[in-house]
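Now for the letters of each chain:
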Amino acid sequence: MPSFASVNAEEEKKEESRAAYRAKSVVLIEAATGQVLYAQNPDERLAIASITKIMTLLLAAEEMKAGRLSFEDTVVASYHAFSMDGSVIWLNEGEKMSVYDICRSIVISSANDACVALAEHIAGSEEEFVKRMNKKAEELDMTDTNFVNCTGLDTENHFSTATDVAKMAAELRKYDYYDEFLLTRLTYVREGTGRETQLLNTNRLLGYEGITGLKTGTTDNAGYCFTATAKRGEMELVAVVLGAETDEGRFETAESLLDYGFNGFELFSPEFDPEELHDITVKDGVSKTISIEAEKGLQCLIPRGKSGKVTYLYNIKQQVSAPIEAGDSVGKIIVLLEDDTLFVAKVTAREQSEELSFFKSFELVLKGFFSC
């Protein structure tokens with residue numbers, strides 16, 4: 001699939017200015033296709049701070065989808081959870097809290113103690129949960145990631161890359177369990193008690209058009225990190241900023257990346273000419289013709305306003321020999337935007353046609369005779 005990070009001289013100049021972003025690594029992708037729209041040092045292994053919690057939340061979402069976890073379940077905090085520092089909601093050892101409150105404490109306030117409590121509730125221990133995190137990273141082809149804890153607190157050998165973070169963020173956005181929390185600016189847990197605790201969202205792009213999330217992170221080793229997701233129409237973008245020099249800088253960078261994606265690109269799906277997909281003949285087949293179909297569900301991003309310049313090259317057989325099965329290849333369609341190949345779409349048979357052998361011919365004659 002093409003990457004249109006540089007489509008002309010003007011865009012190249014804009015990208016040169018983007019390279020001045022004071023961040024160690026950035027990447028912009030479209031969530032559904034995984035298409036990279038912009039990248040600057042995207043594969044350097046870096047500390048990612050609380051961006052780590054995206055994976056923690058992803059595993060919890062998978063547990064909820066599987067029916068093994070519910071927002072109504074009760075989590076009991078361990079001493080290990082109680083001992084967490086950094087951003088916390090001050091869980092006491094033995095304190096009980098709903099998964100709903102635990103999850104919104106993680107999403108909104110990045111609470112480390114809530115994160116550990118959830119991990120232990122799901123896997124029995126943080127160590128076992130981290131094993132699941134690394135297994136999921138492998139499944140998502142996050143080849144430059146290794147988790148040591150579920151929180152992102154600085155520790156040796158805990159790292160990821162902007163590319164890998166974008167992959168897990170896109171995967172998390174397939175679930176809607178946290179949508180309410182991701183867009184909540186301020187709320188509380190333990191409301192109406194003497195231990196009421198404020199949850200304040202640190203995402204300063206909550207007012208951005210189409211924003212859907214996602215996660216900030218800050219530690220001494222990681223610097224200022226931010227993963228932002230936003231959706232307009234059917235297009236959802238993921239902007240990852242790792243190692244920004246300032247708090248404000250991470251948000252400015254992410255906003256600039258999102259603007260670049262939404263202003264410069266559009267989601268494109270090919271529309272094939274039905275007249276080119278007419279029935280084709282079958283030589284020596286029981287069925288003399290079969291219908292065909294082109295590959296469905298193809299999408300990519302192209303520079304905005306360029307859809308009228310897309311061309312199609314049809315390379316489809318007009319005759320095939322029996323036997324042929326449904327799904328057999330009968331050709332392809334090449335979809336081009338100027339010199340870039342967007343897709344090579346498969347064209348396949350929609351039904352089968354057996355070979356017309358002597359015995360099959362005799363059988364058909366008999367059926368015709370007795371049907372008279």
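Residues numbered from 1 in each chain as written. Predicted model: local features only at pLDDT ≥ 70, side-chain atom pairs only at ≥ 80, totals over all residues. Heavy atoms only, no water.

Undergrad: Hey, could you go over the sheet that holds strand E1 (residues 25-30) for me, with residue numbers and the actual values?
TA: Read from one edge of the open sheet, five strands run E2-E1-E9-E8-E7, paired in antiparallel fashion. If you trace the sheet from one side to the other, it starts and ends with strand E2 (36-40) and strand E7 (211-219), each paired once. The average angle at which neighbouring strand axes cross in this sheet is 5°, direction not considered. The pairing of E1 with strand E9 (residues 235-244) spans six bridges and is antiparallel. By the bridge assignment, Ser 25 is partnered in E9 with Leu 242. (Pairing = 2+ DSSP bridges. Helix = DSSP H or I, 4+ residues; strand = E, 2+ residues; numbered from the N terminus. Axes fitted to C-alpha atoms, helices over the stretch in contact; angles between N-to-C directions.)

Undergrad: Which residues make up unusual backbone geometry, and what are the values?
TA: Between Ala 322 and Pro 323 the backbone carries a cis peptide bond, its omega angle lying at 0°. Along the polypeptide, Pro 323 turns up in the loop between strand E16 (319-321) and strand E17 (329-337). Residue Glu 338 is not a glycine yet carries a positive backbone phi of 55°. Along the chain, the position of Glu 338 falls in the loop between E17 and strand E18 (340-349).

Undergrad: Can you break down the sheet that holds E16 residue by residue, with the values?
TA: On the basis of which strands lie adjacent, the open sheet formed by three strands has the order E12-E11-E16 and mixed pairing. Edge positions in the open sheet fall to strand E12 (289-290) and E16, since each of these has one partner strand only. Sheet topology places strand E11 (residues 280-283) next to E16; three bridges connect them, and they run parallel. Residue Thr 281 lies in a different strand from E16, and its bridge partner there is Gln 319.

Undergrad: Explain helix H5 (residues 112-123) to me, and be specific about the residues and the numbers.
TA: For H5, which comprises 12 residues, the first-to-last C-alpha distance of 16 Å matches the rise-based estimate of 16 Å (1.5 Å per residue) to within 8%. Among the 12 residues of H5, 11 are classified as buried, and the element is accordingly described as predominantly covered. Residues of H5 that are buried include every one of Asn 112, Asp 113, Ala 114, Cys 115, Val 116, Ala 117, Leu 118, Ala 119, Glu 120, Ile 122 and Ala 123, and no others. Those residues of H5 that are buried lie in contact with helix H2 (53-65), strand E3 (74-76), helix H3 (79-82), helix H4 (99-109) and helix H6 (126-139). Just past H5, the residue Gly 124 takes up positive phi, approximately 95°. (Expected span 1.5 Å × (residues − 1). Buried < 20%, exposed > 50% of the residue type's maximum accessible area, 1.4 Å probe, protein only. Contact = heavy atoms within 4.5 Å.)

Undergrad: Mind laying out the side chain of Asn 149, listing which residues take part and the relevant values?
TA: Topologically, Asn 149 is positioned in the loop between H6 and helix H7 (162-172). Here Asn 149 falls in the buried class, since its relative accessible area comes to 11%. At 3.2 Å, the side chain of Asn 149 and the backbone nitrogen of Thr 151 are in polar contact. If near-sequence neighbours (up to four positions away) are discounted, Asn 149 is found in contact with Thr 52, Glu 126, Val 130, Met 133, Thr 155 and His 158. (Polar contact = N/O pair within 3.5 Å; in protein donor to acceptor, adjacent residues only side chain to side chain.)

Undergrad: If you had to explain the pattern of salt bridges to someone new, which residues and values would you point to?
TA: What the rule picks out here adds up to 20 salt bridges. In this structure, the salt-bridge partner of Arg 68 is Glu 63, at a minimum N-O distance of 3.0 Å. Here Glu 63 ties to Arg 132 by a salt bridge, and the two come within 3.8 Å at their closest N and O atoms. Of this pair, Glu 63 sits in helix H2 while Arg 132 sits in helix H6, and the two are 69 residues apart along the sequence. In the salt-bridge network here, residues are joined through shared partners; they are Arg 204, Asp 247, Glu 248 and Arg 250. (Salt bridge = Lys/Arg side-chain N within 4 Å of Asp/Glu carboxyl O.)

Undergrad: Just give me the short version of the packing of aromatic side chains, but keep the residues and values in it.
TA: The final tally for this structure, using the stated rule, is 10 aromatic pairs. Taking the centre distance of 5.6 Å and the plane angle of 50° together, the rings of Tyr 79 and Phe 82 count as tilted. Residue Tyr 79 and its partner Phe 82 are both found in helix H3; the two are separated by three residues, about one turn of the helix. Here Tyr 79 falls in the exposed class, since its relative accessible area comes to 51%. (Phe/Tyr/Trp six-rings, centres within 6.5 Å; stacked < 30°, edge-to-face > 60°.)

Undergrad: Hey, could you go over the state of the cysteines for me, with residue numbers and the actual values?
TA: Disulfides are covalent bonds that link the sulfur atoms of two cysteine residues. Counted by the stated rule, this structure contains zero disulfides. With no disulfide of its own, Cys 150 has Cys 115 as its nearest cysteine by sulfur position, at a separation of 3.8 Å. We classify Cys 150 as buried; its relative accessible area is 0%. (Disulfide = S-S within 2.5 Å.)

Undergrad: Break down the packing of H2 against H7 for me, with residues and values.
TA: Packed helices, taken two at a time, are described by the angle between their axes plus the distance between the axes. Here H2 crosses H7 at 35°, and the two axes come no closer than 9 Å. Judged by the twist between their axes, the crossing of H2 over H7 is left-handed. For the pair H2 and H7, contact is made by Ile 54, Met 55, Leu 57 and Leu 58 and by Met 168, Ala 169, Glu 171 and Leu 172, respectively. Looking at the contact of H2 with H7 residue by residue, the classes come out as seven nonpolar, no polar and one charged. (Left-handed = near helix turned anticlockwise from the far one by under 90°. Nonpolar A, V, L, I, M, F, W, Y, C, P; charged D, E, K, R; others polar.)

Undergrad: If you had to explain the packing of H2 against H5 to someone new, which residues and values would you point to?
TA: Look at H2 against H5: their axes get within 11 Å of each other, and the N-to-C directions meet at 40°. Judged by the inter-axis angle, H2 sits oblique to H5. Note that H2 runs across H5; the crossing there is left-handed. Along its contact with H2, which presents Lys 53, Thr 56, Ala 60 and Glu 63, the element H5 presents Asn 112, Cys 115, Leu 118 and Ile 122. Tallied by class, residues from the contact of H2 with H5 come to four nonpolar, two polar and two charged. (Parallel < 35°, antiparallel > 145°, perpendicular 65-115°, else oblique.)

Undergrad: Can you break down the pairing of E18 residue by residue, with the values?
TA: Where strand E13 (residues 292-294) meets E18, three bridges bridge the pair, whose relative direction is antiparallel. Along E18, the bridge assignment pairs Ile 292 with Ala 349. Bridge count between E17 and E18: eight bridges; the pairing is antiparallel. Looking at E18, one finds that Ile 333 is bridged to Ala 345. Hairpin connection between E17 and E18: a loop of two residues separates the two successive antiparallel strands, and Glu 338 in this loop has a positive phi of roughly 55°.

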